[in-house]
Amino acid sequence: FTPDRPKVIHQDVIKLEQNSYYYLLRRYLESVYPGCIAKSTFLKLIQKISELHKLNDEVINVYLNVNPSEVEPLLIEIFDLKNQAT
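For clarity, every value in this text was computed on a predicted model and none was experimentally measured. (Residues numbered from 1 in each chain as written. Predicted model: local features only at pLDDT ≥ 70, side-chain atom pairs only at ≥ 80, totals over all residues. Heavy atoms only, no water.)

## Thoughts on the overall build of the chain
No. 1: The helix and strand inventory of the chain stands at 4 helices and 0 strands.
No. 2: Taken against the 2.2 N^0.38 rule, which gives 12 Å for 86 residues, the C-alpha radius of gyration of the chain at 19 Å runs more than 25% over that of a compact globule.
No. 3: Its C-alpha atoms give the chain principal-axis dimensions of roughly 55 × 30 × 15 Å.
No. 4: Intrachain contacts of the chain at a sequence separation of at least 6 include 17% that bridge at least 24 residues.
No. 5: If you sum the accessible surface of the chain, you get close to 7300 Å²; carbon and sulfur atoms cover 59% of it.
No. 6: Side-chain charges of the chain comprise 10 positive and 11 negative groups, with the mean position of each set lying 12 Å from the other. (Helix = DSSP H or I, 4+ residues; strand = E, 2+ residues; numbered from the N terminus. Rg over C-alpha atoms; globule rule 2.2 N^0.38 Å. Contact = heavy atoms within 4.5 Å. Areas by Shrake-Rupley, 256 points an atom, 1.4 Å probe, with all protein chains shown as cover. Lys, Arg positive; Asp, Glu negative; His and termini not counted. Charge placed at Lys NZ, Arg CZ, Asp CG, Glu CD.)

This is the structure in structure tokens:
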């Protein structure tokens, strides 16, 4: 549920859904933890989600820019580059 992805048609709907899930997560944490701990945990989780998006983008860029002729055999297998290496 990320409205910032390319080719997303209904960004406003996805943003609304995203906000709904964030709200539910925050309410759940408030029911499990005391006030300040719930808020701190929520903010940390939101930060981790942001970091995961950045990591995902970096991994995709590495995968798309890998040159099969310059990669070790194990990485060719991991990246499933067998067809591209020939």
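That shown, we press on.
## Comments concerning unusual backbone geometry
No. 1: Even without being glycine, Lys7 reaches a positive phi, approximately 65°.
No. 2: Inspection of the secondary structure assignment puts Lys7 in the segment before α1 (11-32).

## Re the packing of aromatic side chains
No. 1: Inspection of every chain in the model, using the stated rule, returns 1 aromatic pair.
No. 2: Geometrically, the ring pair formed by Tyr22 and Phe42 is edge-to-face, given 6.5 Å between the ring centres and 85° between the ring planes. Highlighted residues: Tyr22 in helix α1 and Phe42 in helix α2 (residues 35-64), separated in sequence by 20 residues.
No. 3: Judged by relative accessible area, Phe42 falls into the buried class, the value being 14%. (Phe/Tyr/Trp six-rings, centres within 6.5 Å; stacked < 30°, edge-to-face > 60°. Buried < 20%, exposed > 50% of the residue type's maximum accessible area, 1.4 Å probe, protein only.)

## Thoughts on the environment of Arg26
No. 1: Structurally, Arg26 can be placed in helix α1.
No. 2: Look at Arg26 and you get partly exposed, because its relative accessible area is 32%.
No. 3: C-alpha separation for the pair Arg26 and Glu51, spaced 25 residues apart in sequence, amounts to 19 Å.

## Focus: the layout of surface pockets
No. 1: Roughly 190 Å³ of internal volume is contained in the largest pocket.
No. 2: Elements with a contribution of two residues or more to the lining of the largest pocket: α1 and α2. (1 Å grid on protein atoms, 1.4 Å probe; cavity = no way out; pocket = protein on both sides within 12 Å on 5 of 7 lines; lining within 4 Å. Points joined across faces, edges and corners; volume = space filled by probe spheres on them.)

## Notes on the pattern of salt bridges
Between side chains of opposite charge, pairing is possible as soon as their charged atoms come close.
No. 1: Taken as a whole and judged by the stated rule, the model has 3 salt bridges.
No. 2: Between Glu30 and Arg27 there is a salt bridge, with the nearest N and O atoms lying 3.5 Å from each other. With Glu30 and Arg27 both in helix α1 and 3 residues apart, this pair spans about one turn of that helix.
No. 3: Judged by its relative accessible area of 45%, Arg27 is partly exposed.
No. 4: As a salt-bridge pair, Glu51 and Lys48 come within 3.7 Å of each other at their nearest N and O atoms. Of this pair, Glu51 and Lys48 are both found in helix α2, 3 residues apart, which corresponds to roughly one turn of the helix. (Salt bridge = Lys/Arg side-chain N within 4 Å of Asp/Glu carboxyl O.)

Everything listed is a geometric property; what it means functionally is a separate question.
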